[in-house]
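The residues making up each chain are set out below.
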Amino acid sequence: MSTTRPKLNQREAAAACGVSRSTIRRRREAGLLPGSVEDPERGWLIPVEALLAAGFTLNAPGPPDASSNQGPTSSGDDLGGLVDGSVAELRAEFERVRHQHALELAEARHGQALAESEALHLRAQLDARAEHISDLQRALRALMRPPGCVR
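Keep in mind the model is a prediction, meaning the values are calculated, not measured.

### Notes on the overall build of the protein chain
Alright, step 1. Broken down by element type, the protein chain carries four helices and three strands.
Alright, step 2. Taken from the N to the C terminus, the helices and strands of the protein chain come in the order β-α-α-β-β-α-α.
Alright, step 3. In the protein chain, which comprises 151 residues, the proportion classed as buried is 19%.
Alright, step 4. Taking contacts inside the protein chain between residues at least 6 apart in sequence as the whole, the part at least 24 apart equals 56%.
Alright, step 5. If you sum the accessible surface of the protein chain, you get close to 11300 Å²; carbon and sulfur atoms cover 56% of it.

### Some points on the pattern of salt bridges
Alright, step 1. Applying the stated criterion across every chain yields a total of six salt bridges.
Alright, step 2. The structure contains a network of salt bridges with shared partners spanning Arg 25, Arg 28 and Glu 29.

### Overview of the sheet that holds strand E1 (residues 7-9)
Alright, step 1. Strand order across the open sheet formed by three strands is E1-E3-E2, with antiparallel pairing between neighbours. Each edge of the open sheet carries a strand with a single partner, namely E1 and strand E2 (37-39). The sheet shows a mean angle of 40° between the axes of neighbouring strands, direction not considered.
Alright, step 2. Bridge analysis of E1 against strand E3 (residues 43-47) gives three bridges, and the strand direction is antiparallel. Residue pairing in the sheet places Asn 9 in a bridge with Leu 45 of E3.
Alright, step 3. Sheet contacts for helix H1 (residues 10-17): E1 and E3; angle to E1, the most-contacted strand, approximately 100°.

### Focus on the nonpolar core
Alright, step 1. Counting 15 residues, the largest nonpolar core has Ile 24, Leu 33, Ile 46, Leu 51 and Leu 58 as its most contacted members.
Alright, step 2. Of all the secondary-structure elements, those providing two or more residues to this core are H1, helix H3 (48-53) and helix H4 (74-143).
Alright, step 3. When residues in this core are grouped by element, the largest group, four residues, is from H1.
Alright, step 4. With residues up to four places along the chain from it excluded, the contact list for Ile 46 reads Pro 6, Lys 7, Leu 8, Gln 10, Ala 13, Ile 24, Leu 33, Ser 36 and Leu 51.

### A look at the pairing of E3
Alright, step 1. Bridge count between E2 and E3: three bridges; the pairing is antiparallel. Counterpart to Val 37 in the pairing with E3 is Leu 45.
Alright, step 2. Adjacent in sequence and paired antiparallel, E2 and E3 are bridged by three residues.

### Examining the packing of aromatic side chains
Alright, step 1. Under the definition given, this model contains zero aromatic pairs.
Alright, step 2. Lying over the aromatic face of Trp 44, Arg 28 brings its terminal NZ or CZ to 4.0 Å of the ring centre.

### Looking at the confidence of the model for the protein chain
Alright, step 1. Taken as a whole, the protein chain shows an average pLDDT of 81; of its residues, 77% reach a score of 70 or greater.
Alright, step 2. Considering each helix and strand of the protein chain separately, the mean pLDDT is smallest for H4, with a value of 83, and largest for E3, with 94.
Alright, step 3. Scored below 50 in pLDDT, residues 66-77 shows three contacts in the model against residues more than four places distant or in partner chains.

### Focus: helix H2 (residues 21-29)
Alright, step 1. The set of residues buried in H2 consists of Thr 23, Ile 24 and Arg 28. Buried residues of H2 fall within an arc of 130° about the axis and therefore sit on the same side.
Alright, step 2. Along its buried surface, H2 packs onto H1, E3 and H3.

### Details of the environment of Arg 28
Alright, step 1. Of note, Arg 28 is situated in helix H2.
Alright, step 2. In this structure the C-alpha to C-alpha distance between Arg 28 and Leu 45, which are 17 residues apart in sequence, comes to 10.0 Å.
Alright, step 3. Look past the residues within four positions of Arg 28 in its chain and what remains in contact with it is Gln 10, Leu 33, Ser 36 and Trp 44.

About the cut-offs
Going along each chain's sequence as written, the residues are numbered from 1 onward. Where totals are concerned, whole chains, interfaces and linings use all residues; where local detail is concerned, this predicted model gives features only for residues with pLDDT of at least 70, and gives and counts side-chain atom pairs only at 80 or more. Each side-chain value is derived from all of the structure's non-hydrogen atoms; neither hydrogens nor water enter the calculation. In this description a helix means any DSSP run of H or I spanning at least four residues, a strand means any run of E spanning at least two, and both kinds are numbered starting from the N terminus. The cut-offs for exposure are 20% and 50% of the maximum accessible area for each residue type, with area from a 1.4 Å probe on protein chains only; residues under the lower value are buried, those over the upper are exposed, and the others partly exposed. What makes two residues a contact is simply this: any of their non-hydrogen atoms within 4.5 Å. Here the open area of atoms and residues is found with the Shrake-Rupley method and a 1.4 Å probe, where only the protein chains shown may cover a residue. When a carboxyl oxygen of Asp or Glu lies within 4 Å of a side-chain nitrogen of Lys or Arg, that pair is called a salt bridge. We treat two strands as partners when DSSP finds at least two bridges between them. Orientation is described by axes fitted as lines to C-alpha atoms, over the contacting stretch for helices, and by angles from 0 to 180 degrees between their N-to-C directions. We define the nonpolar core as a collection of buried residues of types Ala, Val, Leu, Ile, Met, Phe, Trp, Tyr and Cys that are connected through side-chain atoms lying within 4.5 Å of one another. Paired rings are identified among Phe, Tyr and Trp, the last through its six-membered ring, by centres lying within 6.5 Å, and are further divided according to the angle between planes into stacked (under 30 degrees), edge-to-face (over 60) and tilted (the rest). Throughout this description, the term charge over a ring refers to an Arg CZ or Lys NZ atom that lies within 6 Å of the ring centre and within 35 degrees of the ring normal. The pLDDT score gives, residue by residue, the confidence of the prediction method on a 0 to 100 scale. Directions from the helix axis toward the C-beta atoms define the arc.

In structure tokens, the structure reads:
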């Protein structure tokens, strides 16, 4: 599995998700597609993971525009292959990341429970020591001579 994840420009993302470019643009501008970067040559590039996390379903893009009767272009083939070939890989990666986050969350909750238990234990020790100090102060006052008492 490669370490770089595919990024689609807004037109490619809209085609792959079956929505309009304005929908993708609005979601990106609202901050709902994190990791989007602006490329001087291709425009805004959106990570496929961000599209999936935003609830979009990736589908193979539709055929080229009707105005283009030249048949599929190599870039269209690349996108179709990218989407078709990557969907299963991306879903597997998504599930792996979701599982990893679930494990991290469970570990964090366990750590929180341990910290809360330790805090309760320390509070109990502090209360016991405060009570012991209070007892010692009462004993000391009882042993001291009252004011004005001469031997």
